[in-house]
Amino acid sequence: METVVNNQSRRDFIKYSAAIGAGIVLWSPALATEKGMKMNNYVKTEGYAVFDTSGVFKPWKFERRPVGDNDVLIDIKFASICHSDIHQMKGHWGPQQYPQVPGHEIAGIVSAVGKNVTKFKVGDRAGVGCMVDGCTTCENEEQYQSDTLFTYGYPDKREPTGISQGGYSKQIVVRDHYVVHIPDSLELKEAAPLLCAGITTYSPIMRADFKKGDKVAVAGIGGLGHMAVKFAVSRGAEVYAFTTTADKAEDIKGFGAKEVIVVDDTKKLYTYAGQMDYMICTIPYQYDVAAYASVVKPYGFYTQVGMPVGFEITLNALGLSASRVNFNASLIGGMKETQEVVDYCAENKIYPKIEIIKAEEITEAWKKVENKEARYRYVIDSATI
């Protein structure tokens, strides 16, 4: 990766590297070998994989790379479904290599550690999110580094399949730096969604400069959005939730939102023009950005975290300029923040609303996610793989 991206801007790199297809992203030579690795000691495992862009899952037996000196082997207990899984597997973000096992919201139990690992031991409760290897000296910006290896679909010559494979499986091998501890007070099934949906919304919300009592808007109330509501409420915000799904209204109020606005017509947004101090948008498809941005006060902040097809959203320059909003986007969060969000949720009793499914139900669950029927995170019981 390094030889490609050192001459690119960070923005170009993120867009480039997120188009995950083999041959589109170059693998990092630094990740290809590790001193002490025994190449004949592959980890045999099973998972559910897609074999083309159809989004249809089938059981698949495969091998993972050996546990290196700095690695942790995790027996996966639960893995949840993120809309990003769907986008990537269906080629919405670029061509893919198949078979591919998605999943970057992973919780389980450590079953082996490399000789250099000191932060984890066998039997520890552990979580893995969107990254599995890369920089180990970054303070909290691993997601933006050129050598980051994301959890699935990224070329990695250490892997027998040639690419990283995700969490819809029984085991996973991860660099210790990219593993977080799951507190005993947090159930593993509820911890899994925090590793993407949680950190993706926690990071910008905790960095946003809003005060207790400020009006915070959340647009798109799905897996990410319902966590954003809960985090903003926990910080004392007056939360206004904007959704296109009317039958979610009572749930959203139960999450602590002061008001729920069903956006069946974007004209409804203008009723709230200039009233919000901050907005976070989790909508993962094309939408009228300027209309949503209009609800934010002049010079307020608007953060985009939803990633649509092709990673692109269309901005109406005149509409956006009329609201004078500071528009920005955020990509997951670093490892320090990822541990923080897990601890924060455990301490403050903030839990995702989940539905446990069997592995054989993944294909149908994906269809429900696309049809906005998920309430609000499907979590796969890995014992059913």
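This is a predicted model, so every value here is computed, not measured.

Each value, and the rule that gives it
Residues numbered from 1 in each chain as written. Predicted model: local features only at pLDDT ≥ 70, side-chain atom pairs only at ≥ 80, totals over all residues. Heavy atoms only, no water. Axes fitted to C-alpha atoms, helices over the stretch in contact; angles between N-to-C directions. Helix = DSSP H or I, 4+ residues; strand = E, 2+ residues; numbered from the N terminus. Parallel < 35°, antiparallel > 145°, perpendicular 65-115°, else oblique. Contact = heavy atoms within 4.5 Å. Nonpolar A, V, L, I, M, F, W, Y, C, P; charged D, E, K, R; others polar. Disulfide = S-S within 2.5 Å. Buried < 20%, exposed > 50% of the residue type's maximum accessible area, 1.4 Å probe, protein only. Salt bridge = Lys/Arg side-chain N within 4 Å of Asp/Glu carboxyl O. Polar contact = N/O pair within 3.5 Å; in protein donor to acceptor, adjacent residues only side chain to side chain. Pairing = 2+ DSSP bridges. Core = buried A, V, L, I, M, F, W, Y, C linked by side-chain atoms within 4.5 Å. Expected span 1.5 Å × (residues − 1).

### Some remarks on the packing of helix α5 (residues 197-207) against helix α10 (residues 335-348)
Part 1: Between α5 and α10, the least distance of the axes is 9 Å, while the angle of their chain directions is 95 degrees. In terms of orientation, α5 lies roughly perpendicular with respect to α10. Contact residues: α5 offers Gly198, Ile199, Tyr202, Ser203, Met206 and Arg207, while α10 offers Glu337, Thr338, Glu340, Val341 and Tyr344.
Part 2: The residue inventory of the contact of α5 with α10, partitioned by class, reads five nonpolar, three polar and three charged.

### With respect to the state of the cysteines
Part 1: Tallied over the full model, the rule gives one disulfide.
Part 2: Between the sulfur atoms of Cys135 and its disulfide mate Cys138 the distance is 2.3 Å. With the S-S dihedral at roughly 125 degrees, the linkage between Cys135 and Cys138 falls on the right-handed side. Neither Cys135 nor Cys138 differs from the other in exposure class; each is buried.

### Comments concerning the pattern of salt bridges
Part 1: Applying the stated criterion across every chain yields a total of 17 salt bridges.
Part 2: Asp71 serves as the salt-bridge partner of Arg65, at 2.4 Å between the closest nitrogen and oxygen.
Part 3: With its nearest N and O atoms 3.2 Å apart, the salt bridge here joins Arg175 to Asp176.
Part 4: Take Asp176: its relative accessible area is 16%, and that puts it in the buried class.
Part 5: It is possible to trace a salt-bridge network through shared partners that takes in Arg65, Asp71 and Glu159.

### Quick notes on the side chain of Gln100
Part 1: Of note, Gln100 is situated in the loop between α3 (83-89) and β4 (106-113).
Part 2: Residue Gln100 is classed as buried on the basis of its relative accessible area, which comes to 0%.
Part 3: A distance of 3.2 Å separates polar atoms of two side chains, one belonging to Gln100 and the other to Gln96.
Part 4: A polar contact is formed between the side chain of Gln100 and the backbone oxygen of Gln97, at a distance of 2.9 Å.
Part 5: Leaving out residues up to four positions away in the same chain, Gln100 has contacts with Ala49, Val50, Gln88, Met89, Tyr152, Gly153, Ile163 and Gln165.

### Focus: the pairing of strand β5 (residues 125-128)
Part 1: The side-chain alternation of β5 yields two buried faces, one formed by Arg125 and Gly127 and the other by Ala126 and Val128.
Part 2: As paired elements, β4 and β5 share four bridges and run antiparallel to each other. In the strand pairing of β5, Gly108 is matched with Ala126.
Part 3: The sheet contact formed by β5 and strand β9 (residues 180-181) spans two bridges and is antiparallel. Bridge pairing in β9 places Gly127 opposite Val180.

### Thoughts on the nonpolar core
General note: in soluble globular proteins, nonpolar side chains tend to be found buried as a group.
Part 1: Of all hydrophobic cores here, the largest spans 94 residues; its most connected members are Ile81, Tyr168, Val179, Val229, Phe231, Ile362 and Trp366.
Part 2: Within the second largest apolar cluster, 22 residues are counted, among which are Phe242, Tyr272, Ile283 and Ala291.

### Structural notes on the environment of Ile283
Part 1: Topologically, Ile283 is positioned in the loop between β13 (276-281) and α8 (289-293).
Part 2: Looking at Ile283, the relative accessible area reads 5%, which means it is buried.
Part 3: With 65 residues separating them along the chain, Ile283 and Val218 place their C-alpha atoms 9.7 Å apart.
Part 4: Excluding residues that lie within four positions of it along the chain, Ile283 makes contacts with Ala219, Gly220, Tyr292, Gln304, Gly306 and Met307.

### Here we look at the sheet that holds strand β14 (residues 296-304)
Part 1: Spatial strand order, β12-β11-β10-β13-β14-β15: six strands in an open sheet with parallel pairing. Where the open sheet ends on each side, the last strands, each with one partner, are β12 (259-262) and β15 (326-329). Within the sheet, the average angular offset between the axes of one strand and its neighbour, ignoring direction, is 20 degrees.
Part 2: Both strand β10 (residues 215-219) and β13 contribute to a ladder of four bridges, which runs parallel. By the bridge assignment for β13, Ala219 is matched with Cys281.

### Points about α10
Part 1: Its 14 residues place the ends of α10 20 Å apart at the C-alpha level, agreeing with the 20 Å of an ideal helix rising 1.5 Å per residue.
Part 2: Buried within α10 are the following residues: Met335, Glu337, Thr338, Gln339, Val341, Val342, Tyr344, Cys345 and Ala346.
Part 3: The inward-facing, buried residues of α10 abut β6 (131-133), β9, α5 and α6 (223-234).
Part 4: Of the residues one or two after α10, Lys349 is the one with positive phi, at around 55 degrees.

Just distances and angles here, no functional claims.
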